[in-house]
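Descriptive analysis of the structure
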Amino acid sequence: MKSAIVLGAGIVGVATAVHLQQRGWSVALLDRKEPGGETSYGNAGLIQSEAFQPYAMSHNWRELTNIAIGSTNAVRYRLAALPWHVGPLLSYWRHSFPASHARASAAYAQIIGCAAREHESFIRDSEAGNLIRREGFRILYRKHSALKAAVAAAENLREVYDVKFSTLTPWDLMQAEAALTDAGVGGLHWLEPWTVFDPGGLVSAYANLFTRIGGHIVRGDAQSLSTSGTGGWSVITEGGRMEAEAAVVALGPWSPDLLKRFGYRFPMVRKRGYHRHYAGGGRLDLPLYDAANGYVLAPMTKGTRITTGAEFAAPSGKLDLTQLACAEQAARNLLELGRPVEPKPGFGTRPCMPDMLPVIGGASRHRGLWLHFGHGHHGFTLGPTTGRLIAELMNNEAPMVDPFPYRPERY
Ligand SMILES: Cc1cc2nc3c(=O)[nH]c(=O)nc-3n(C[C@H](O)[C@H](O)[C@H](O)COP(=O)(O)OP(=O)(O)OC[C@H]3O[C@@H](n4cnc5c(N)ncnc54)[C@H](O)[C@@H]3O)c2cc1C
C-alpha cells in the first residue's frame, strides 16, 4: 500500500488527504492545530463558481494612487512591511498584463469549472449539506459608474463561460434583503455560487470523512520534515516519528518557509484579511460584498461575519484594526450589525502566487515530495478540485485537467 504524510489540514490538505485515502493510500494528515483552524476558517465561505478569472493586480494609476495614499479600504499596506512584499508584487504586476492574465484565466477556468461538482461529492459523503446554501451571493455598488463597469464585466463572463447573474435595482436589493437600510445604487446577484455558514465547520466535516474512510489525523510540526533512511519522508508527531513514501506540502501561506529548507524559493504574495462576527442585529439572507469598501458581510452560524480585503503586513506583524474598523463602520450604514461576538478579531492570509495559479505537482529535486499550495483568493472554492488533481498525479492516473500550468518548476 502506498503511503503519504499530508502537511497542513486546511481545506487544501484535507481535500488532498481524502482523495489519496479514497485511492487506497495509507494517509496521515498532520497539523499543529485542529483541521480548518487557520485561513480555511477565517474566510467569506463563498464557493465561487463564477470566478473564472483570478484577481489581477490593477494597472490603473488612479486605483494605485488610492492604495498608495490609503484612500481605499479594499487594499491597505504598512510601509515597514513593504520590503517583504516588493519582489513578489512586482512579479504579480508583470503577470497582470492582459496577455498573461488571459493565459492564467484559461487555466483557472478549467479548475473553477469543476469546483462545485468536487465539493458536491465531499458534501454528500460527509453529510454536510446543512452548512451549504446554493443561491449565490450579492454585490452592492455605491456609484453608478462602478455598477455599470461591473455589469459590463459580468456580461463578458456570461458570454465566454455562460455564468448566470441578475442585476438589481436598489428596490430589488431592499426586497431581497429585508435587513438592509441602504442599498446604494443597486448591484449584482451571482446566481450559481454556493455559500457556507461555517467554513471551518465544513473543513472539519471533510476531515471527519477522511478519518471515517481510514485516514489518521496527527499533531506535529511540519518543520520536522526530513528524508528518511528508507528513501521516503519522516516527521515527528506527538505520538513519535512517522514515515511514509511521499509527503505533500499543503501549508497554505506557510509552504514557502518550509520549502526554503530544501532549497526551493517560491515567491508568494501574502494578502492578509481580517474577520469578526457580530450578533444581535439584523441578519442578511445571502452574503453581500460591499464593493466600494472591499469587505464581505456573510450570514454565518456565529452571527454576521465581516471579512476584509487585502492588507500587506509583515508576516508576524501585529493586528492593525484600521481595515476592519472601516469595514465595520461602512457595514453599520447598511444594516443594524449588533455587537462583536469575539473579544478580538482574527485574520487569515491568502496565499497568492504571482502568476495567480496554485502550485500543484512533484518537487523537481526530491523524489516523493509533492507541492500543493498557493490558492490565493479561492482556496476554499478550489481545495477539493486541486486535491483530486494532485492525488491523480501521485497515483499515476490520467489527470482531470492539464497539470502543466500549475507545475512547481515554473518558479
Ligand atoms: C479574509 C479572507 C476571505 C476569503 N474568502 C474566500 C472565499 O469566500 N472563497 C474562497 O474560495 N476563498 C476565500 N479565501 C481564500 C481561502 O480562505 C484560502 O485560499 C484557503 O483557505 C487556503 O487554504 P490552505 O489549506 O492552503 O491554507 P490554510 O487553511 O491556512 O491551511 C494551512 C494549514 O497549515 C498548518 N500549518 C502551518 N504551519 C505548520 C507547521 N509548521 N506545522 C504544522 N501545521 C502547520 C496551519 O495550522 C493550517 O491549518 C479567503 C481568504 C481570506 C483571508
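Preceding this paragraph is the structure being described.
Residues numbered from 1 in each chain as written. Predicted model: local features only at pLDDT ≥ 70, side-chain atom pairs only at ≥ 80, totals over all residues. Heavy atoms only, no water.

Some words on the overall build of the protein
Stated precisely, the cut-off is as follows: Helical segments are the DSSP runs of H or I of at least four residues, strand segments are the runs of E of at least two, and each set is numbered from the N terminus. Note on method: radius of gyration uses C-alpha positions; expected globular size equals 2.2 Å times residues raised to 0.38. Whether a residue is buried, partly exposed or exposed follows from its accessible area with a 1.4 Å probe, protein chains only, as a fraction of its type maximum: under 20%, in between, or over 50%, in that order. Whether two residues are in contact is decided by their heavy atoms: any pair within 4.5 Å suffices. Using the Shrake-Rupley algorithm and a 1.4 Å probe, accessible areas are obtained, with residue cover drawn only from the displayed protein chains. When charges are counted, Lys and Arg are positive and Asp and Glu negative, with His and the chain ends excluded. Note on charges: their place is set at NZ of Lys, CZ of Arg, CG of Asp or CD of Glu.
Scanning the protein from terminus to terminus reveals 10 helices and 23 strands. Taking 2.2 N^0.38 as the reference for a compact globule, 411 residues should give roughly 22 Å; the C-alpha atoms of the protein span a radius of gyration of 21 Å, in line with that estimate. By its C-alpha atoms, the protein is 65 × 45 × 45 Å across when sized along the principal axes. Counting the 411 residues in the protein, one finds 56% classified as buried. For the protein, restricting intrachain contacts to residue pairs at least 6 apart in sequence, the fraction spanning at least 24 positions comes to 76%. For the protein, the computed accessible surface area is about 17,400 Å², with 54% contributed by carbon and sulfur atoms. In the protein, the 42 positive side-chain charges and the 35 negative ones have mean positions that sit 6 Å from each other.

Some words on the pairing of strand β1 (residues 3-7)
Defined as follows: Any two strands with at least two DSSP-identified bridges between them are counted as paired. Whether a crossover is right-handed depends on one test, that the path from the first strand over the helix to the second runs clockwise when the strands point away from the viewer.
Taking burial as the measure, the 5 residues of β1 include 5 buried ones, the bulk of the element. By the alternation rule, side chains of β1 split into Ser 3, Ile 5 and Leu 7 and Ala 4 and Val 6, which are all buried. Examined bridge by bridge, β1 and strand β2 (residues 26-31) share 5 bridges and lie parallel to one another. For Val 6, the partnering residue across the bridge sits in β2 and is Leu 29. Each parallel crossover has a hand, and for β1 linked through helix α1 (residues 11-22) to β2 it is right-handed. Of the pairings in the sheet, the one linking β1 to strand β14 (residues 246-249) comprises 4 bridges and is parallel in character. Within the sheet, the bridge partner assigned to Val 6 lies in β14 and is Val 248.

Let's talk about the site of the ligand
How we decide: In these notes, residues near a molecule or strand are those with any non-hydrogen atom within 4 Å of it. Polar contact is defined as a pair of N or O atoms within 3.5 Å, subject to the rule that within protein one atom must be able to donate a hydrogen and the other to accept it, and that residues adjacent in sequence are counted only when both atoms are side-chain atoms. Polar here means any residue other than Ala, Val, Leu, Ile, Met, Phe, Trp, Tyr, Cys and Pro, which are nonpolar, and Asp, Glu, Lys and Arg, which are charged; Gly is therefore polar.
Around the ligand lies a shell of 35 residues, among which Asp 31, Thr 39, Ser 40, Leu 46 and Thr 381 are the nearest. At 3.5 Å from an oxygen atom of the ligand is found a main-chain nitrogen or oxygen belonging to Gly 45. Contact between the ligand and Phe 380: an oxygen atom at 3.2 Å from a main-chain N or O atom of the residue. Burial of the ligand by the surrounding chains reaches 98%, relative to a free accessible area of 1,000 Å². Broken down by secondary-structure element, the contributors of at least two residues to the shell around the ligand are α1, β2, β21 (346-352) and α10 (379-394). Of the residues assigned to the shell around the ligand, the class counts are 12 nonpolar, 18 polar and 5 charged.

With respect to the packing of aromatic side chains
We apply this condition: When two rings of Phe, Tyr or Trp (its six-membered ring) have centres within 6.5 Å they constitute a pair, described as stacked for plane angles under 30 degrees, edge-to-face for angles over 60, and tilted for the intermediate range.
Counted according to the given criterion, the structure contains 9 aromatic pairs. Taken together, a centroid distance of 6.2 Å and an interplanar angle of 55 degrees make the contact between Trp 61 and Trp 93 tilted. Linking Trp 61 in helix α2 (residues 61-68) with Trp 93 in helix α3 (residues 82-95), this pair joins segments that are 32 residues apart in sequence. By way of ring pairs, the aromatic residues Trp 61, Trp 93 and Phe 97 are connected into one cluster.

Notes on the nonpolar core
Nonpolar side chains in soluble globular proteins generally cluster together in the buried interior. Spelled out, the test is: We define the nonpolar core as a collection of buried residues of types Ala, Val, Leu, Ile, Met, Phe, Trp, Tyr and Cys that are connected through side-chain atoms lying within 4.5 Å of one another.
If you look at the biggest cluster of nonpolar residues, it comprises 69 residues, and the most contacted ones within it are Leu 20, Trp 190, Leu 202 and Met 394. Contacts of Trp 190, omitting those with residues within four sequence positions, involve Glu 50, Glu 135, Gly 136, Phe 137, Ile 139, Ala 154, Leu 157, Val 163, Lys 164 and Phe 165.

A short note on the packing of helix α4 (residues 98-125) against helix α7 (residues 199-212)
The criterion, for reference: To define axes, lines are fitted to C-alpha atoms, for helices over the stretch in contact only, and angles between the resulting N-to-C directions are given on a 0 to 180 degree scale. Should an angle lie under 35 degrees it is considered roughly parallel, over 145 roughly antiparallel, and from 65 to 115 roughly perpendicular; all remaining angles are considered oblique. It is the rotation of the near helix from the far one that decides the hand of a crossing: anticlockwise by less than a right angle makes it left-handed, clockwise makes it right-handed.
At a minimum axis separation of 9 Å, α4 and α7 run at an interaxial angle of 70 degrees. What the angle tells us is that α4 and α7 run roughly perpendicular. Seen from above, α4 lies across α7 with left-handed handedness. Contact residues: His 119, Phe 122, Ile 123 and Asp 125 in α4; Leu 202, Tyr 206, Leu 209 and Arg 212 in α7.

As for the pattern of salt bridges
Worth spelling out the cut-off: One side-chain nitrogen of Lys or Arg within 4 Å of one carboxyl oxygen of Asp or Glu is enough to make a salt bridge.
Applying the stated criterion to the full structure yields 21 salt bridges. As a salt-bridge pair, Asp 257 and Arg 270 come within 3.7 Å of each other at their nearest N and O atoms. You can see Asp 257 sitting in helix α8 (residues 255-260) and its partner Arg 270 sitting in strand β15 (residues 269-280), a full 13 residues away along the chain. Of the residues examined, Asp 257 reaches a relative accessible area of 36% and is grouped as partly exposed. Taking the relative accessible area as the measure of exposure, Arg 270 reaches 21% and is therefore partly exposed.

Focus: the sheet that holds strand β5 (residues 132-133)
Strand order in the open sheet formed by 3 strands is β3-β9-β5, with antiparallel pairing between adjacent strands. Of all strands in the sheet, those with a lone pairing partner are β3 (46-47) and β5, marking the two edges. With 2 bridges joining them, β5 and strand β9 (residues 194-196) adopt antiparallel strand pairing. Residue pairing for β9: Arg 133 is matched across the bridge by Thr 195. Packing against the sheet, α4 makes contact with β3, β5 and β9, and its axis sits at approximately 45 degrees to β9.

Considerations on α4
Inclusion rule: Expected helix span is computed as 1.5 Å times (number of residues minus one). One axis is fitted to the seven residues ending at the residue and one to the seven starting there. The bend at that residue is the angle between these axes.
Between the first and last C-alpha of α4 there are 40 Å, a value that for 28 residues agrees with the 40 Å anticipated at 1.5 Å per step. At Ala 115, α4 shows its strongest bend, of approximately 40 degrees. Looking at the residues trailing α4, positive phi occurs at Glu 127, about 50 degrees.

Thoughts on unusual backbone geometry
Phi is positive for Glu 127, which is not a glycine, with a value near 50 degrees. Looking at the secondary structure, you find Glu 127 in the loop between α4 and β5. At Met 356, a position not held by glycine, the phi torsion is positive, near 70 degrees. On the secondary structure map, Met 356 appears in the loop between β21 and β22 (359-362). Using a relative accessible area of 8% as the deciding quantity, one classes Met 356 as buried.

So far we have only geometry, and geometry alone does not tell us how the molecule works.
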